[in-house]
Amino acid sequence: MVRLRLNDPSLAPELASFLRRCQCEVEQLGPTMVGVGLGHEVDPKVASRRLQEGRCYCCGEPIEAVLFGLGSPRCHDCRESSGNGAASARDNWARMEVESYLRIWRLRNPGARVELVS
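Residues numbered from 1 in each chain as written. Predicted model: local features only at pLDDT ≥ 70, side-chain atom pairs only at ≥ 80, totals over all residues. Heavy atoms only, no water.

**Q** Pulling in residues and values, what's your account of the nonpolar core?
**A** Among the nonpolar cores identified, the biggest contains 26 residues, and Leu4, Leu6, Leu15, Leu19 and Trp105 are the most heavily contacted of them. Looking at this core, the elements with two or more residues in it are strand 1 (2-6), helix 1 (12-21), strand 2 (24-28), strand 3 (33-38), helix 5 (85-108) and strand 4 (114-116). Those residues in contact with Trp105, other than ones at most four positions away along the chain, are Leu6, Leu11, Glu14, Leu15, Phe18, Ala112 and Val114. In this structure, Cys56, Cys58, Leu67 and Cys78 belong to the second largest nonpolar core, which totals six residues. (Core = buried A, V, L, I, M, F, W, Y, C linked by side-chain atoms within 4.5 Å. Buried < 20%, exposed > 50% of the residue type's maximum accessible area, 1.4 Å probe, protein only. Helix = DSSP H or I, 4+ residues; strand = E, 2+ residues; numbered from the N terminus. Contact = heavy atoms within 4.5 Å.)

Written out as structure tokens, the structure is:
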């Protein structure tokens, strides 16, 4: 779950509503804190497209040429990181997706400040 902190608690309901329309699961964690998870599975077509572009499934960074040539779906850093590869990939994917939604929300709410905490 990705946690977001808002500067203005009155914006939390609007942000939650927006994220739910983006098929996210949203939980109010406090007056200025919102927890966000994906309400859907990772789209295999999108993941496949990322891999075809030579980008890591987990973090989106370029896969080193040698690893990519061997068919690795993950960059060196993600391969070496401790932790469950599938869970880590899903967490990173959720973070990436939520960051994308936040860019849109910020454009619609220029005075609002929201920060990705974890």
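**Q** Could you give me a rundown of the pairing of strand 1, with the residues and numbers involved?
**A** A one-sided burial pattern is seen for strand 1, the buried positions being Val2, Leu4 and Leu6 and the unburied ones Arg3 and Arg5. Of the pairings in the sheet, the one linking strand 1 to strand 3 comprises four bridges and is antiparallel in character. Looking at the pairing, Val2 lines up with Val36 of strand 3. Strand direction decides the pairing type here: strand 1 and strand 4, joined by three bridges, are antiparallel. Counterpart to Arg5 in the pairing with strand 4 is Glu115. (Pairing = 2+ DSSP bridges.)

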